[in-house]
Amino acid sequence: MTDDGTTTAGAAGTLGYEQARDELIEVVRRLEAGGTTLEESLALWERGEELAKVCRHWLEGARARLDAALAGPAAPQSSAPQESGGATTADNG
């Protein structure tokens, strides 16, 4: 079990969100079912923590992309007043 956790831990960076989520669900099921040794339970817990980080990373990336997409059309409008403000100041001088 430790070898499996170590092997899959190296691949954690390459896991997609759905893969990490599905594996995390399986880890939780195994922990909830019990019947594992303390060492196995700890290895599962550690793997679950890694998978949760992977999921969090993907979700944060998705949030950033959504925020950027929503801010995209507003960005030219928000920078336009700054430019015109600068031009207005230059025109006054």
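**Side note on the environment of Cys 55**
Now for step 1: Examined against the element boundaries, Cys 55 turns out to sit in helix H3 (residues 38-71).
Now for step 2: Separated by 39 residues in sequence, Cys 55 and Gly 16 have C-alpha atoms that sit 8.2 Å apart.
Now for step 3: Excluding its chain neighbours within four sequence positions, the residues that come into contact with Cys 55 are Tyr 17, Ala 20 and Arg 21.

**A short note on the side chain of Arg 47**
Now for step 1: Note that Arg 47 resides in helix H3.
Now for step 2: Residue classification places Arg 47 among the buried residues on the basis of a relative accessible area of 6%.

**Structural notes on the confidence of the model for the chain**
Now for step 1: The predicted model of the chain has a mean per-residue pLDDT of 78, with 63% of residues at 70 or higher.
Now for step 2: Helix H1 (residues 2-10) is the least confidently modelled element of the chain, averaging 44 in pLDDT, while helix H2 (residues 17-33) averages 98, the highest of any element.
Now for step 3: Segment residues 1-9: pLDDT under 50, and eight contacts once partners within four positions in sequence are set aside and those in other chains are kept.
Now for step 4: Within the model, pLDDT remains below 50 along residues 83-93, and this stretch shows zero contacts once partners closer than five positions in the same chain are excluded.

**Remarks on the packing of H2 against H3**
Now for step 1: The interhelical angle for the contact between H2 and H3, taken along N-to-C directions, is 150°, at an axis separation of 9 Å. In terms of orientation, H2 and H3 fall into the roughly antiparallel class. Where H2 crosses over H3, the handedness of that crossing is left-handed. Between H2 and H3, the contacting residues are Tyr 17, Ala 20, Arg 21, Glu 23, Leu 24, Val 27, Arg 30 and Leu 31 on the first element and Ser 41, Leu 44, Trp 45, Arg 47, Gly 48, Leu 51, Ala 52, Val 54, Cys 55, Trp 58 and Leu 59 on the second.

**Re H3**
Now for step 1: Given a rise of 1.5 Å per residue, 34 residues ought to cover 50 Å, and the 49 Å separating the end C-alpha atoms of H3 matches this to within 8%.
Now for step 2: Among the residues making up H3, those that are buried are Ala 43, Leu 44, Arg 47, Gly 48, Leu 51, Val 54 and Cys 55.

How each quantity is defined
Residues numbered from 1 in each chain as written. Predicted model: local features only at pLDDT ≥ 70, side-chain atom pairs only at ≥ 80, totals over all residues. Heavy atoms only, no water. Helix = DSSP H or I, 4+ residues; strand = E, 2+ residues; numbered from the N terminus. Contact = heavy atoms within 4.5 Å. Buried < 20%, exposed > 50% of the residue type's maximum accessible area, 1.4 Å probe, protein only. pLDDT = per-residue confidence, 0-100. Axes fitted to C-alpha atoms, helices over the stretch in contact; angles between N-to-C directions. Parallel < 35°, antiparallel > 145°, perpendicular 65-115°, else oblique. Left-handed = near helix turned anticlockwise from the far one by under 90°. Expected span 1.5 Å × (residues − 1).

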